[in-house]
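A structural walkthrough
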Amino acid sequence: MEYKSICAVRGVTANGIKEGKFGLALIRASGTAAGVFTENLARAAPIELMRKQIKAGKLEAVIANSGCANAYTGKRGYNDAVEMTEYAGSALGLEANTIGVASTGVIGRYLDLPLIRRQCAGVALNLKATPEAEDLAEKAIMTTDTKPKHALVQREGFTIGAIAKGSGMIAPNMGTMLSFIYTDAEIEAKPLKAALKLAAQRTFNRVVVDGDTSTNDIALCTATGEAGKANEKEFSVALEECCRILARQIAADGEGATKLLEVTVKGAPKESAAAKVAKVIIESPLVKTAVYGEDPNWGRVVAAAGRAGVKFDPNAVSLWISDGKNKYPLVKSGEIIADLAKAKAAMHGKEVIFILDLGAGKEEATAWGCDLTEKYVEINGRYTT
């Protein structure tokens, strides 16, 4: 069994448990830390706590539960989040204010603290740096996910590993639902925060499953420093790659999804403009349903781009469709050249890619999403019952 993520990083041990819908993960790693958080105004209690604690720029461990989001739970919820850090601190012999905390699950319900305390005590007894341990931690935080999400990027001199959960309520506007990232590179808090913010902007923030920004989105990155100093630019590039791997997995595992949808927008005046157009296309219900039905109704892509609020000449755009192997032109400099049979064939697989050139600049950006199916309605129509 090979390492897939966090336990390949020197200085990291982990474990987790899942009992029905309720899971708990513990990850121990001491080092410089940074975080990015949801911009939803109805932030969950653990988010409110972590926005304060991360200012110290250091973490010793993370505790995360699934099954209850501890969101919209007021003062009691905040105190419960603090209690979780105290459980972890007591079990691991650490100060509670050095513990990261995260929750995911149903909004508007209080935590089952006796359950969490029991799970924490048991999980803490068997923290390991093994492939099995990282898998147990990942599975513990899953909710409607159908697949675990691991990422591992190795460079000469350092390693970055990460786990994440996310399947529905995905339009992060900062990071993914929950993501815990570790590296053995030695890097100070300020450049670590800058690298994480940029990586989230270019990856997690460009994933859209259903357009809903969760109350609990959080991404934490801890650098143990055990591999020695790393070049800040090289580290930033590697961190973005690690987060991109997770972003694609989250998009592909969208609730009810059957296909990964990737949109690259080129020829934009600014990267932010390209990203804006790509996200509007990704989140369009008409585009998403066409992808599900393998209907080469590519005009929906151009129509979505046109309402994104970015200026370009519609008669100058070019558009291609791809299945990841073959690439077919649909429009060239405003002229329709689509072969609909080939376009439809490109939609048969698990991945559908659109490349749109706006002809209005030199910048580009990529966003990821998925198709929209009946299964999404089924999952979310009975989420709490």
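So, a few notes on the structure that sits alongside this text. The structure displayed is predicted, hence computed values, not measured ones.

Section: the side chain of T224
- Residue placement: T224 occurs in the loop between β8 (218-223) and α6 (232-252).
- From its side chain, T224 meets the backbone oxygen of R10 in a polar contact 2.8 Å long.

What to know about the sheet that holds strand β12 (residues 335-336)
- A sheet is described by the order of its strands in space; here six strands give the open sequence β12-β11-β10-β13-β9-β14, paired in mixed fashion. What marks the edges here is a single partner per strand, and that holds for β12 and β14 (363-370).
- Here strand β9 (residues 260-268) pairs with strand β13 (residues 351-357) via seven bridges, running parallel. Note on β13: the bridge partner recorded for V265 is L356.
- Those strands touched by helix α7 (residues 271-283) are β9, β13 and β14, and its axis lies near 25° from that of β14.

What to know about the pairing of strand β2 (residues 22-37)
- Among the 16 residues in β2, twelve count as buried, and that is most of the element.
- Note: strand β1 (residues 13-19) against β2, seven bridges, orientation antiparallel. For N15, the partnering residue across the bridge sits in β2 and is L26.
- Here β1 folds back onto β2 in antiparallel fashion, the turn holding two residues, of which G20 has a positive phi close to 65°.

Topic: the pairing of strand β11 (residues 327-332)
- Bridge count between strand β10 (residues 318-322) and β11: four bridges; the pairing is antiparallel. Its bridge partner lying in β11, S322 is registered against K327.
- Following β10, the chain reverses through four residues before pairing antiparallel with β11; G324 in that reversal takes a positive phi of roughly 100°.
- Pairing geometry for β11 and β12, over two bridges, is antiparallel. What sits directly across from K332, in β12, is E335.
- Where β11 folds back onto β12 in an antiparallel hairpin, the turn is made up of two residues, including S333, whose phi is positive at roughly 50°.

Considering the environment of A33
- Take A33: it is sitting in strand β2.
- The sequence separation of A33 and K327 amounts to 294 residues, and the corresponding C-alpha distance is 42 Å.
- With residues up to four places along the chain from it excluded, the contact list for A33 reads I54, G57, K58, L59, L192, C221 and T222.

Some points on the pattern of salt bridges
- Per the stated rule, a full pass over the model turns up 17 salt bridges.
- A salt bridge links R202 to E240; the nearest nitrogen and oxygen atoms lie 3.3 Å apart. Of this pair, R202 sits in helix α5 (residues 189-202) while E240 sits in helix α6, placing them 38 residues apart in sequence.
- For R202, a relative accessible area of 26% puts it in the partly exposed group.
- Across the pair R248 and E351 runs a salt bridge whose closest N-O atoms are separated by 3.4 Å. You can see R248 sitting in helix α6 and its partner E351 sitting in strand β13, a full 103 residues away along the chain.
- Look at E351 and you get partly exposed, because its relative accessible area is 23%.
- One salt-bridge network, in which partners are shared between bridges, spans R202, R206, E240, R244 and E271.

Some remarks on the nonpolar core
- Core analysis: the biggest nonpolar cluster contains 52 residues, and L26, I63, F180, Y182 and L220 have the highest contact counts within it.
- The dominant element in this core, judged by the number of residues it contributes, is β2, at seven residues.
- When sequence neighbours within four positions are dropped, the list of residues in contact with Y182 reads I6, V9, V12, I27, A29, V62, T159, I160, G161 and T222.
- The next biggest cluster of nonpolar side chains, apart from the first, holds 36 residues, and it includes V265, A273, A278 and I282.

Describing unusual backbone geometry
- Positive phi values are uncommon outside glycine, yet Y72 reaches one of about 60°.
- Turning to its location among the elements, Y72 is positioned in the loop between β3 (58-68) and α2 (74-92).
- The residue E294 is not glycine, and still its phi comes out positive at about 55°.
- Structurally, E294 can be placed in the loop between α8 (285-292) and α9 (299-306).

Reading the values: rules and limits
- Each chain carries its own residue numbering, running from 1 in the written order of its sequence.
- A pLDDT threshold of at least 70 governs which residues receive local features in this predicted model, and a stricter bar of 80 or more applies before side-chain atom pairs are shown or counted, although totals over entire chains, interfaces and linings include all residues.
- Derived side-chain values reflect all non-hydrogen atoms in the structure, with water molecules and hydrogen atoms excluded from consideration.
- Each helix is a run of DSSP H or I of at least 4 residues and each strand a run of E of at least 2, with the numbering of both proceeding from the N terminus.
- What qualifies as a polar contact is a pair of N or O atoms within 3.5 Å, subject to a donor-acceptor requirement within protein and to the restriction that residues adjacent in sequence count only when both atoms come from side chains.
- Each pair of strands is called paired provided DSSP finds at least two bridges between the two strands.
- It only takes one pair of heavy atoms within 4.5 Å for two residues to be counted as in contact.
- In this analysis an axis means a line fitted to C-alpha atoms, helices contributing only their contacting stretch, and an angle means the value between N-to-C directions, from 0 to 180 degrees.
- Between buried and exposed lies partly exposed: a residue is buried under 20% and exposed over 50% of the maximum accessible area for its type, with that area taken using a 1.4 Å probe on protein chains only.
- Every case where a carboxyl oxygen of Asp or Glu lies within 4 Å of a side-chain nitrogen of Lys or Arg is listed as a salt bridge.
- Grouping buried Ala, Val, Leu, Ile, Met, Phe, Trp, Tyr and Cys residues that are joined through side-chain atoms within 4.5 Å yields what is termed a nonpolar core.

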